[in-house]
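Given next are the chains, with one letter for each unit.
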Amino acid sequence: MTTRIFGSGIRRREDPRLITGRASYTDDIKLPGMLHAAILRSPYAHANIRSVDASGAAGQPGVVAVYTGEDTDGVLNGLPCAWLIPGSDLKTPAHPPVAKDKVRYVGDAVAVVVAESRYQAEDALEHIAVDYEPLDVVINPKAAAQDGAPQIHEDVPNNIAFTWALAGGDTDAAFADAAVTVGDTITLQRLIANPMEPRSALAQWSAATGELTLWNTSQNPHIARFLTCVVTGVPEHKIRVIAPEVGGGFGSKIPYYADEAITAFCSMKLGVPVKWTETRSENYLITTQGRDHIEEVEMAATSDGVITGLRTTVYAGLGGYLSTASPGVPTILHGLMYSGPYNIPNISGTVYGVFNNGCPVDAYRGAGRPEATTLIERLVDLVAAAVGQDPAEVRRKNLIPKFENGHDVATGITYDSGDYESALDSCLSAAGYEALRAEQAQARADGRCVGIGVSSYVEICGLGPSQVAGAVGFQGGLWESAIIRFYPTGKVNVMVGSSPHGQGEETTFAQIVAGEVGVDVDDVEVLHGDTDNTPMGWGTYGSRTTAVSGAAIAVAARKIKEKSRALAAHLLEAAPEDIEYEDGRFFVRGSPDQHKTIQDIALMANVAWNMPEGMEPGLEASAFYDPPNFTYPFGAHVAVVEVDPETGHIDLQRYVAVDDCGVQINPMIVEGQVHGGVVQGVGPALWEGAVYDDDGQLVTGSMLDYALPRADLLPEIEVHSNSTPSPHHPLGVKGIGEAGTIASTPTVYNAVMDALRPLGVTRVDMPLTPEKVWRAINDARNGG
Amino acid sequence: MTVPVEITINGKACAGEVEERQLLVHFIRENAGLTGTKVGCDTSQCGTCTVQLDGVSAKSCTVLTVQASGSSVTTIEGISDGVDLHPLQEAFWNNHGLQCGFCTPGMIMAASELLRNNPSPTREEIRHGLEGNICRCTGYQNIVSAVEDAAGKMGGR
């Protein structure tokens, strides 16, 4: 008897190995003869390298080899940028894996030591002498774009790597005619992704076969293979990348890093396996960070609060070099979402991508969309305040009405389906919004600072149609593929090119197969992460894995079902059109006793003793799925805070989320994604921020200094959901990985600003630390 | 300069010659070959390396191997045989108390000490008890539920 499990919150099949400590992450792997690499990193944010003398390290205990930029130059190619946005005058300066002439951020690799133990490798780093000529440093991305700023790359004037513009409608006219205009400058500070597992690479080169195997903490092993080929010159079919257990990524394990290339280089030079694992302090310096936006934004509206225009100028910090996907994040994934869930007929934006002397910036959970949603939701609140209306009501009157199959917005994209007002209603109802406002009025009368934040959002995920990827300069496809293979015993392997790392798709993918062809979920094993036993795929990011890989699996499963139907018809001596299917059984219409189970079919297809003429043996199907459009999940969130005006301390008291990610395959996993996503967005609103000083030194250089959310700082997240299926997806699925993060930063920010409004505080930059809030309150009091 | 050490890990004697500066977490991972205990930071903040040292939870990145010589250590691999699960392991599974799993061994070891000291904690007490362990995936909520569930199953209430 098959368990019906598509759509149910069954517990995860990946968990037994994880809860018992038996899972194998990259740094857990030991190979015979393996050596350890440690990388010397620049202590300067911007400096010329006069000389590197590595001779002192060579004789240190356990040291096997020391390499500098002189050694890698001409052997390793530069690290490529893989998102070349068109029409933006994009500059792609060289990014050598090991700096030879100049360093551009603290952490830039300068040399590598390979030793018998990691302790020895790190000790020997101290014996490498580097003579630096320090140069002026710039961190603030707007300052970096000004005349006279220190120039980080010779061929990039004003450090402007690209200028990307967006225009829909007539924004200037909208502002000229507007009864109400509001504006603000919003800083979305640099964030450190902080997956709990640090990055790691283990390279094993075989000179005899010319094969390179790379175990790597990657969200996208097939892309890592492709880029390893580009950087090392080893042919793609001779490279095997394995992303074993991967301990979270949140975007920071998408890019291809110098460290992987250096580790491969060392193994190829020495002919033995070499492992490199970053320390957390290294992670903070070198593993790509998120956001770093300065957004100068304005919104135009009627006196009744109907939005008529949005205008932005954004300075997006890129760090010292372009990372793998960095140009696409503040442009395609950001600007195209400027309409949010609202009817905004006139939108224009200019984004300057600017080099600065910080760690390279790339995708971090939400990638561009939190930066868009925050500015939209902040402006909508300012419009509400300007016209004297409730922020929820201003949202309601501007929301795009319900649509089931396509809605065009001014930025030029087409949302798939949406019911934004229902999400808002559900959220206001779940939060008890009217009662909250009444309680707030009472609290204010009692002299307490209570704030309520509301946000509506829509995001773009399920990336995406490959034709669009090409049109926007993404140097790859965005389809996914799957192979479903039945064995004679009726057990199933599913092989996918995407690479989940905590999202639970070994379970949800098995649920898809179980739902489509009626096998038990425990009879399905999902393989991913190893380029040698999985079909090509583009990876796990952008809330795309269930949406795109899941679709590929559904399509492949349907092929299995059709072949099974034909084989059942043959075995039951009936016409295929007379065969019905229910719950893993194929039977002759009207005679359910005359049936073949999917297991019967799998056995016969594999032994092939009695096949219809022309039918190939085996029960296996593959599918390549290229989505016809992106998916657009949406929702509404409410937060309640109380601010202590004497200390600036913020107490986040309630958080209510209503998300609509379409059809849910496993609601337990969906809810878990919302919990984690919300908390990752609350962090930057209240506590998190990567701070560089004027010399480009990372002040928040460890977990002691960078304030991550902890269990005792958070309320229970109240999670609710609606379901508006995606019209173009085979399962109606949209994606949920990033929704919480996209919505929660502006929701909490707006709640705090709502609390502070009666005190005359009009703006505070994130993170809203007690000190900043206290100063803002006192400035307002003194100014008032 | 190395010194001899002998540590009982999960009931089994593990002897070795180690550098005085070696961290216990590295002895557990490298010398004893038990990689369930993780290294997530270098400042004793994240808690992924949490083990029990003579019955008390300790961050094994903050203990030198030589300090632990003669002691008894329990790691995630030692609280069950991997088949018959510890109630906390079962509860983390049943309550979706993990996603990427990297913090989970440390979280379970810390929770185990929490429940020994307070067999019937409130959710608030669980949150305070686990504030030394960082998770980036779950937002902690289902971890709190898992510990609450395990407390019930273990007879706390």
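Each residue is numbered by its place in its chain's sequence as written, counting from 1. Whichever chain is written first becomes A and whichever ligand is written first becomes 1, with later ones labelled in order. For a predicted model such as this one, the threshold for reporting local features is a pLDDT of at least 70, and the threshold for listing and counting side-chain atom pairs is 80 or more; totals across whole chains, interfaces and linings nevertheless cover every residue. Side-chain figures throughout are based on the complete set of non-hydrogen atoms in the structure, without hydrogens or water.

Visitor: Can you lay out the packing of helix α15 (residues 505-517) of chain A against helix α16 (residues 545-571) of chain A for me, pointing to particular residues and giving the numbers?
Guide: Residues and elements named next belong to chain A. At a minimum axis separation of 9 Å, α15 and α16 run at an interaxial angle of 30°. The orientation of α15 with respect to α16, classified from their angle, is roughly parallel. In the packing of α15 onto α16, the handedness of the crossing is right-handed. Contact with α15, carried on its side by Glu 505, Thr 508, Phe 509, Ile 512, Val 513, Glu 516 and Val 517, involves Thr 545, Thr 546, Ser 549, Gly 550, Ile 553, Ala 554, Ala 557, Arg 558, Ile 560 and Lys 561 of α16 and no other residues of that element. Orientation is described by axes fitted as lines to C-alpha atoms, over the contacting stretch for helices, and by angles from 0 to 180 degrees between their N-to-C directions. A helix here means a DSSP run of H or I that spans at least four residues, while a strand means a run of E at least two residues long, and both kinds are numbered starting from the N terminus. Every angle not falling under 35 degrees, over 145, or within 65 to 115 is termed oblique; those three ranges are roughly parallel, roughly antiparallel and roughly perpendicular. Two helices crossing with the near one rotated counterclockwise from the far one by less than a right angle form a left-handed crossing, whereas a clockwise rotation gives a right-handed crossing. Contacts are assigned to residue pairs that have any heavy atoms within 4.5 Å of one another.

Visitor: An account of the sheet that holds strand β7 (residues 160-168) of chain A is requested, with residue identities and associated values reported.
Guide: Residue and element names in this part refer to chain A. The strand order across the open sheet built from five strands is β7-β17-β16-β15-β8, with neighbouring strands paired in mixed fashion. Of all strands in the sheet, those bounded by a partner on one side alone are β7 and β8 (180-188). Strand after strand, the sheet turns through a mean of 10° between neighbouring axes, direction not considered. Pairs of strands are assigned from DSSP output, requiring at least two bridges between the strands. The sheet contact formed by β7 and strand β17 (residues 346-355) spans eight bridges and is antiparallel. Bridged to Trp 164 within β17 is Val 351. Contacts between helix α10 (residues 369-387) and the sheet are confined to β8, β15 (293-301) and β16 (307-319), with β8 contributing the most and set at about 145° to the helix.

Visitor: Kindly report on the domain arrangement of chain B, identifying the contributing residues and their values.
Guide: All names here are of chain B. Domains are outlined according to an automatic or database domain assignment. In terms of domains, chain B is made up of domain 1 (2-78) and domain 2 (87-153). A separation of 22 Å is found between the C-alpha centroids of domain 1 and domain 2. Between domain 1 and domain 2, the contact holds 18 residues from the first and 14 residues from the second. Carbon and sulfur atoms supply 57% of the area that domain 1 and domain 2 bury against each other, a total of about 1200 Å² over both sides. One side-chain nitrogen of Lys or Arg within 4 Å of one carboxyl oxygen of Asp or Glu is enough to make a salt bridge. Remark: the boundary between domain 1 and domain 2 carries zero salt bridges. Polar contacts here mean pairs of N or O atoms no more than 3.5 Å apart (in protein, one a potential hydrogen donor and the other a potential acceptor; neighbouring residues in sequence count only if both atoms are side-chain atoms). In this assembly, domain 1 and domain 2 are joined by seven residue pairs in polar contact (both at pLDDT 80 or more). At the level of secondary structure, the elements contributing two or more residues to the side of domain 1 that touches domain 2 comprise β3 (50-53) and β4 (56-59). Summed over both partners, the accessible surface that disappears when two parts come together, traced with a 1.4 Å probe, is what is meant by buried area.

Visitor: Talk me through the packing of aromatic side chains; I want residue IDs and the actual numbers.
Guide: Residues and elements named next belong to chain A. Think of it this way: a Phe, Tyr or Trp ring, Trp meaning its six-membered ring, pairs with another when their centres are within 6.5 Å, and the plane angle makes it stacked under 30 degrees, edge-to-face over 60, tilted otherwise. One pass over the full model with this rule turns up 13 aromatic pairs over all chains. Centroid distance Trp 83 to Phe 474: 5.3 Å. Interplanar angle 75°. Geometry classified as edge-to-face. Taken together, the residues Trp 83 in the loop between α3 (69-72) and β4 (102-103) and Phe 474 in the loop between α14 (466-471) and β21 (480-486) connect sequence positions 391 residues apart. Summarising the burial analysis for this pair, Trp 83 and Phe 474 share the class buried. Ring centres of Phe 403 and Tyr 420 lie 5.9 Å apart, and the angle between their planes is 70°; this geometry places the pair in the edge-to-face category. Placement of Phe 403 in the loop between α11 (391-398) and β18 (407-408) and of Tyr 420 in helix α12 (residues 420-431) is noted, with a sequence separation of 17 residues between them. In this pair, the class of Phe 403 matches that of Tyr 420, namely buried. One aromatic cluster is present, built from ring pairs that chain together Phe 403, Tyr 420 and Phe 634. Note on exposure labels: buried denotes an accessible area under 20% of the residue type's maximum, exposed denotes more than 50%, and partly exposed covers the range between, all computed with a 1.4 Å probe on protein chains only.

Visitor: How would you sum up α10(A)? Please name residues and give values.
Guide: Residues and elements named next belong to chain A. By this rule, a helix spans an expected 1.5 Å times one less than how many residues it contains. Given a rise of 1.5 Å per residue, 19 residues ought to cover 27 Å, and the 27 Å separating the end C-alpha atoms of α10 matches this to within 8%. α10 sits mainly inside the fold: 17 of its 19 residues count as buried. Two residues or fewer past α10, Gly 388 is found with a positive phi of approximately 70°.

Visitor: Describe the side chain of B:His96, and please don't skip the residues or the numbers.
Guide: Position of B:His96 among the secondary structure elements: in the loop between α3 (87-94) and α4 (104-117). Looking at B:His96, the relative accessible area reads 2%, which means it is buried.

Visitor: Residue-level account of the domain arrangement of chain A, with values.
Guide: All names here are of chain A. Split by domain assignment, chain A resolves into domain 1 (36-135 + 194-286), domain 2 (289-463 + 629-781) and domain 3 (479-625). The centre of domain 1, based on its C-alpha atoms, is set 41 Å off from the matching centre of domain 3. On the domain 3 side, the residues contacting the 16 residues of domain 1 number 15 residues. With both sides pooled, the region where domain 1 packs onto domain 3 buries about 1300 Å², and carbon together with sulfur makes up 53% of that total. Considering only the surface of domain 1 that becomes buried against domain 3, Gln 219, His 222 and Arg 240 emerge as the three largest contributors, covering 43% of it. Joining domain 1 to domain 3, the criterion identifies two salt bridges.

Visitor: Outline the pattern of salt bridges, listing residues and values.
Guide: Residue and element names in this part refer to chain A. Scanning the model with the defined rule gives 63 salt bridges over all chains in all. As a salt-bridge pair, Asp 425 and Arg 396 come within 2.5 Å of each other at their nearest N and O atoms. Highlighted residues: Asp 425 in helix α12 and Arg 396 in helix α11, separated in sequence by 29 residues. Note on Asp 425: relative accessible area 35%, which makes it partly exposed.

Visitor: Can you explain the nonpolar core? Please cite residues and give values.
Guide: Buried Ala, Val, Leu, Ile, Met, Phe, Trp, Tyr and Cys residues that are joined via side-chain atoms within 4.5 Å together make up what is termed a nonpolar core. The biggest cluster of nonpolar side chains holds 217 residues, and the ones touching the most others in it are A:Tyr415, B:Phe92 and B:Val147. No other element matches helix α19 (residues 739-756) of chain A, which puts 10 residues into this core. Setting aside chain neighbours within four positions, we find A:Tyr415 in contact with A:Met337, A:Ser339, A:Gly340, A:Ile400, A:Phe403, A:Gly406, A:His407, A:Val409, A:Tyr420, A:Val458, A:Asn629 and A:Tyr632. Residues A:Val517, A:Ala557, A:Ala602 and A:Met604 belong to the second largest nonpolar core, which totals 48 residues.

Visitor: So what's going on with the sheet that holds strand β2 (residues 12-19) of chain B? Residues and values would help.
Guide: To summarise the sheet geometry, strands pair through backbone hydrogen bonds and adopt either a parallel or an antiparallel arrangement. All names here are of chain B. Pairing in this open sheet of five strands is mixed, and the strands run β2-β1-β5-β3-β4 from one edge to the other. Lying at the two open borders of the sheet, with one neighbouring strand each, are β2 and β4. With strand direction ignored, the average angle separating the axes of adjacent strands in the sheet is 40°. Relative to β4, β3 is paired through four bridges, and the arrangement is antiparallel. Looking at the pairing, Val 51 lines up with Ala 58 of β4. Across the sheet, helix α1 (residues 24-31) touches β1 (2-9), β2, β3 and β5 (72-74), and the angle it forms with β1 is around 75°.

Visitor: Run through the interface of chain A and chain B, naming residues and quoting values.
Guide: The partner chain B presents 54 residues to the 55 residues of chain A that form the contact. Taken together, the two surfaces of chain A and chain B that pack against each other cover about 4700 Å², and 52% of this comes from carbon and sulfur. Broken down residue by residue, the surface that chain A buries against chain B is led by A:Ile19, A:Tyr119 and A:Met196, which jointly contribute 17%. On the surface where chain A and chain B come into contact, there are nine salt bridges. Linking A:Glu688 and B:Arg136 is a salt bridge whose minimum nitrogen-to-oxygen distance equals 3.5 Å. For the pair chain A and chain B, the interface holds 33 residue pairs in polar contact (both at pLDDT 80 or more). Elements with a contribution of two residues or more to the side of chain A that touches chain B: α1 (15-19), α4 (118-125), α9 (280-286) and α18 (667-686) of chain A. The element contributing the most residues to the side of chain A that touches chain B is α18(A), with eight residues. All amino acids are sorted into three groups, where Ala, Val, Leu, Ile, Met, Phe, Trp, Tyr, Cys and Pro are nonpolar, Asp, Glu, Lys and Arg are charged, and the leftover types, Gly among them, are polar. The residue makeup of the side of chain A that touches chain B, split by class, is 24 nonpolar, 16 polar and 15 charged.

Visitor: Any chance you could break down the packing of α11(A) against α12(A) for me, citing the residues and the numbers?
Guide: All names here are of chain A. It is the contact of α11 with α12, at a shortest axis distance of 10 Å, that shows an interaxial angle of 160°. Classified by the interaxial angle, the pair formed by α11 and α12 is roughly antiparallel. Seen along the crossing, α11 lies across α12 with a hand that is left-handed. Contacts between α11 and α12 involve Ala 392, Arg 395 and Arg 396 from the first element and Glu 421, Leu 424, Asp 425 and Leu 428 from the second. Of the residues in the contact of α11 with α12, the class split is three nonpolar, no polar and four charged.

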